[in-house]
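Listed below are the residues making up each chain.
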Amino acid sequence: MSCRFTNLLRPSGAVSGKGRSLLLFTALAIVGYYDLSNAVTEMPGGKRYEIRQRAFTVNQGQWPDSVLFRSDADGAAVWFTTSGMIYQLFREKSPDKALPAKPAELKQTPEIESRLVKASFIGANRHPVVTGERLIDYKCNYFLGNDTSRWRTDVPNYESITYTNLYDGVNLRFHGENGKLEYDFIITPGADLSRIAIAYEGARYISLNADGNLIIETDWGSFVEKAPYIYQESDGKRAEVSGAFELRGQNSFGFKLSGSYDSSRRLIIDPVLSFSTLLGGSGDDLCADMRINASGEAFICGITSSADFPVLSGYDNTFNSNDDIFLTKFNASGNSIIFSTFLGGSNDDLSNAMTLFGDIFISGHTFSNDFPTVNPVDGSLNGAADVIVARIGAAGNTLSFSTYLGGNGGEAANDIVVRCQPPCLTPTLRIWIAGLTTSTDFPTLNYFDNTLSGDADAFLTLLSLTTLSGSITYSTYFGGDSSDYATGLVVKGNSPYYPYICGSTSSPDLPAVNAHDNTLSGSTDGFMAGFDIAGNGQLFLMVSTFIGGAELNGVETANSMALNSNGDFIIGGIASSAGLATAGVFDNSYGGLIDALVSAYSGSNYSLLFRTYLGGTDQDVLYPFSSGSRNIAVDNQDNIYVIGTTESSDFPVVDPFDASLGGNGDSFAAKISPDGSNLLFCSYLGGSDYESSHAIAVDTFGCLYLSGITGSADFPVFNPYDGSLSAVDNFLTNICLPTFICGDANGNGAVNILDATFIIAYLYKNGPDPEPLDAADANGNGVVNILDATYLIAHLYKNGPAPVC
């Protein structure tokens, strides 16, 4: 067998609407997922063969006729039939100890054995229709045996499969999220939930644990079905409906509801927390930045005052001072730590930003004169506080580079970017850092400006790092006669590189070049500036613009910056001035004391593309401090994600996980369309005290990761590594969002009359399938038919309700 992986990402198109693709609900839906990892041993070579997007391969004659589809989960194969699922578990066969071992030169590939566990539908309809949905660009070829009539090529794969009318009024859908095999039971109004029953054959026994998860025990170990999540939606708010697995004897189970629900209303499960966990010790622990790798593993750095902060397999397991830097890596499920380490000296040490480039690179500042240094550019503390840059190995247990950088005052590095020189065959790395300095002798080289101009200036420095040492390539001040600091940094291009910084300024004489706005408008404005290198190696300014409003004492800041696929700049900040929004954005009204502000500038001519507010009638901030905060991210469809903190009880929510303000201030997470015209998702996140979001990342599957701090003992946790608050703790939360616009049947990013005609052509003229099919289920009744086309027409031209996939 061979398979061609040409694109394992979701189909392209706008991203919006309901979350995690659980979209065929009418009255009631139940979702769970399998974790098969404990029942599968390591495969030869010590690797599990895992694809983050689960593929369902259709049977086109390469397997027995009873098989309809096959998928793979955590190293096991899952075979789907009309009567149930067969889980085929694999492991390396143990050698026969009665036989002498073969010489090394005669050793062969280890023999693999398998075990079958069958899950059968009890009392189900005998002939449910089973269909694949969302064709993906992933083909398989099967050349089995010497009978060429049984060979199959270009066998298609799907993102999900659905058993239609498995029980009367009940559909069952399988799909994959973040490497897990998930299922949804979809119960239409009037259907009998109690009829659903599944029996396991080949399992020793099944049981329920304290968390309500179903444990299937086999001779080789156990695997888990996670406890179901059931939600009722009413008046735009979501409330959980109490429900659980129910054991029914003979290794069978079903579902039961312990609370009432209104069967005439839709039950919405999306979006769902994939995980949410706390992290900390008995002191205060403050997240500064967070990144994720391609496997969905999260890295968090920050500041801790906890001597008992959890450490594991780290470079430094000893708490060093009042405040130490911490670096922690979580597994992809967020429920265990892979490594966790301190980093610091005998005084206060603070991390402000991090990035991943094979190893982990951290920037921040230190007050310690004994901060650990390795191959440093500068090996000693120069003033009250110096920048630190550190390179920690991918396993978290080595420090291969660490340096001070500073002058006679104080410095802090608020963002960091790492690149290699293409084709990246040499060990030299480029490390950009940006932040603020109050030193008159900050080290400069090939500078745009070599003089401190005010109380504090922004700085931009490029370090070149080899395996043996580091050196400064260029370093410059940037500022005017008042206070200026940089908080965000991006780098465009691949040799030559073009660094851009954003931050805040109180200097009316800040240099302005190719500016959209060349005047300081309030007491503080945001700014963006970009640099290039002249032929003599000297930095020069390509662009510099203020970002501010007309209020005399207004305060605007630019806190973080990201690039979209066009190379445009997306900047997150705050505003306390009216009149900043552009036409056509989803929020053009300044709403309160402070609003979040999202600005987009062209990557080619630096013109303003759009600017929108985001907020309610109180304070809504994107962490507006001189230390960095990664509050903006862009996904592979150019949708914009924003996090921050709000004290507004009327903060705008769209398909929220949490629809109400929970305490003195809650974190928020929002998703905005690429042109700023639509708020696609927005939710509170918090408990009864106070939360603040500090860092954001988004993966290729539409899953949003956010981290910050909480003082709430009731902060929402799910499948956590740590579920108990100690003082002020970090949090790490993963929310998987939807991947299409409800009603956008043709996938062009908008809902209009073309979608109604697309549905009609699909139904009656052999037209193409909606991508995904769920997007065409405009009335949310679980099927796609002519009623969905008429529903869209009524919505578009007769003021009918919006699509409710």
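Q: Which parts of the structure should I look at to understand the overall build of the chain?
A: Helices and strands together make up the secondary structure of the chain, namely 2 helices and 48 strands. Residues classed as buried in the chain amount to 58% of the 805 residues present. The contacts in the chain between residues at least 6 apart in sequence include a share of 66% that link residues at least 24 apart. Total accessible area on the chain is roughly 29600 Å²; 50% of this is exposed by carbon and sulfur atoms.

Q: What's the story with the sheet that holds strand β31 (residues 457-465) in this structure? I'm lost.
A: Sheets are built from strands that pair by backbone hydrogen bonding, the pairs being arranged parallel or antiparallel. Read across the open sheet, the 4 strands follow the order β29-β30-β31-β32; overall the sheet is antiparallel. Edge positions in the open sheet fall to β29 (411-420) and β32 (470-478), since each of these has one partner strand only. Neighbour-to-neighbour, the strand axes of this sheet turn through a mean angle of 20 degrees, independent of strand direction.

Q: Where do I start with helix α1 (residues 753-764) in this structure?
A: Over its 12 residues, α1 runs 17 Å from end to end, which matches the ideal 16 Å to within 8%, given 1.5 Å per residue. Inspection of α1 places Asp755, Ala756, Phe758 and Ile759 among the buried residues, and these make up the whole buried set. The arc that holds every buried residue of α1, seen down its axis, measures 160 degrees, which confines them to one face. Looking at the buried positions of α1, the neighbouring elements they touch are α2 (786-797). Near the N-terminus of α1, the side chain that reaches the backbone nitrogen of Leu754, with its oxygen 3.0 Å away, is that of Asn752.

Q: Explanation requested: the state of the cysteines in the structure shown.
A: Linking two cysteines covalently through their sulfur atoms gives a disulfide. Scanning the entire structure with this criterion turns up 0 disulfides. Of the cysteine sulfurs around Cys301, a residue in no disulfide, the closest is that of Cys287, at 6.9 Å.

Q: Explain α2 here, please?
A: Given 3.6 residues per turn, any residue in an α-helix points the same way as the ones three and four places further on. Taking 1.5 Å of rise per residue, 12 residues should cover 16 Å, and α2 covers 17 Å from first to last C-alpha, within 8% of that figure. Among all positions of α2, only Asp788, Ala789, Tyr791 and Leu792 are buried. In an axial view of α2, the angular spread of the buried residues amounts to 160 degrees, which keeps them on one side of the axis. For α2, the side-chain oxygen to backbone nitrogen distance between the N-cap and Leu787 is 3.0 Å, and the N-cap itself is Asn785. At the exit of α2 stands Asn799, carrying a positive phi of roughly 60 degrees.

Q: Explanation requested: the side chain of Glu691 in the structure shown.
A: Residue position: Glu691 is located in strand β46 (residues 691-698). Side-chain polar atoms of Glu691 contact the backbone nitrogen of Gly687, separated by 3.2 Å. A polar atom in the side chain of Glu691 sits 2.5 Å from the side chain of Ser712. Glu691 has contacts with Thr645, Gly665, Asp666, Ser667, Leu685, Gly686, Ile709, Thr710, Gly711, Ser712, Phe715 and Phe731, leaving out every residue within four places of it along the chain.

Q: Sorry, what's going on with the pairing of strand β48 (residues 729-736) here?
A: Strand residues, when the strand is regular, have side chains that alternate between the two faces of the sheet. Within β48, 8 of the 8 residues are buried, which leaves the element mostly enclosed by the surrounding structure. Of the two faces of β48, the one lined by Asp729, Phe731, Thr733 and Ile735 and the one lined by Asn730, Leu732, Asn734 and Cys736 are each fully buried. Taken together, the 8 bridges between strand β47 (residues 703-710) and β48 define a ladder with antiparallel strand orientation. Counterpart to Thr710 in the pairing with β48 is Asp729.

Q: Sorry, what's going on with the sheet that holds strand β38 (residues 569-575) here?
A: Strand order in the open sheet made by the 4 strands is β37-β38-β39-β40, with antiparallel pairing throughout. Strand pairing shows two members of the sheet lacking a second neighbour, β37 (557-563) and β40 (608-614), which therefore form its edges. Strand-to-strand twist in this sheet, taken as the mean axis angle between neighbours without regard to direction, amounts to 20 degrees. Note: β37 against β38, 6 bridges, orientation antiparallel. What sits directly across from Ala558, in β38, is Gly573.

Q: Looking at this structure, how should I read the packing of aromatic side chains?
A: What characterises a pair of aromatic rings is the spacing of the ring centres plus the angle enclosed by the ring planes. Counted under the stated rule, the structure contains 32 aromatic pairs. Between the aromatic rings of Phe121 and Tyr163, the centroid separation amounts to 5.4 Å while the plane-to-plane angle is 75 degrees, which identifies the pairing as edge-to-face. Remark: Tyr163 occurs in strand β9 (residues 152-167) and Phe121 occurs in strand β7 (residues 112-121); sequence separation between them is 42 residues. On the basis of relative accessibility, which here comes to 9%, the residue Phe121 falls in the buried class. On the accessibility criterion, Tyr163 (0% relative accessible area) is buried. Geometrically, the ring pair formed by Phe245 and Phe253 is edge-to-face, given 5.4 Å between the ring centres and 85 degrees between the ring planes. Cluster of aromatic residues (ring-pair linked, three or more members): Tyr87, Phe185, Tyr200, Phe245, Phe253 and Phe255.

Q: What is the right way to read the pattern of salt bridges from this model?
A: Proximity of charged atoms lets side chains of opposite charge pair with each other. Scanning the entire structure with this criterion turns up 7 salt bridges. One salt bridge connects Glu133 with Arg173, and the closest N-O pair in it is separated by 3.4 Å. Here the residue Glu133 occupies a position in strand β8 (residues 129-142), and Arg173 occupies one in strand β10 (residues 170-177), the gap between them amounting to 40 residues. Given the relative accessible area of 0%, Arg173 is considered buried. Connected through shared salt-bridge partners, Asp289, Asp415 and Arg630 make up one network.

Q: Would you take a moment to explain the nonpolar core for this structure?
A: Soluble globular proteins tend to pack their nonpolar side chains together in the buried interior. With 46 residues, the main nonpolar core has Phe80, Tyr163, Phe174, Phe185 and Tyr200 as its most contacted residues. Take this core: its biggest share by element is 6 residues, from β9. With 23 residues, the next largest nonpolar core counts Val585, Val598, Val634 and Phe651 among its residues.

Q: How should the environment of Asn293 be read in this particular structure?
A: Looking at the element boundaries, Asn293 is found in the loop between β21 (285-292) and β22 (298-304). Note: C-alpha distance between Asn293 and Gly358 (65 residues apart in sequence) is 9.6 Å. Excluding residues within four positions of it along the chain, Asn293 makes contact with Phe299, Lys329 and Leu356. At 2.7 Å, the side chain of Asn293 forms a polar contact with the side chain of Glu297.

Rules and cut-offs
- Residues numbered from 1 in each chain as written.
- Predicted model: local features only at pLDDT ≥ 70, side-chain atom pairs only at ≥ 80, totals over all residues.
- Heavy atoms only, no water.
- Helix = DSSP H or I, 4+ residues; strand = E, 2+ residues; numbered from the N terminus.
- Buried < 20%, exposed > 50% of the residue type's maximum accessible area, 1.4 Å probe, protein only.
- Contact = heavy atoms within 4.5 Å.
- Areas by Shrake-Rupley, 256 points an atom, 1.4 Å probe, with all protein chains shown as cover.
- Pairing = 2+ DSSP bridges.
- Axes fitted to C-alpha atoms, helices over the stretch in contact; angles between N-to-C directions.
- Expected span 1.5 Å × (residues − 1).
- Arc of directions from axis to C-beta.
- Polar contact = N/O pair within 3.5 Å; in protein donor to acceptor, adjacent residues only side chain to side chain.
- Disulfide = S-S within 2.5 Å.
- Phe/Tyr/Trp six-rings, centres within 6.5 Å; stacked < 30°, edge-to-face > 60°.
- Salt bridge = Lys/Arg side-chain N within 4 Å of Asp/Glu carboxyl O.
- Core = buried A, V, L, I, M, F, W, Y, C linked by side-chain atoms within 4.5 Å.

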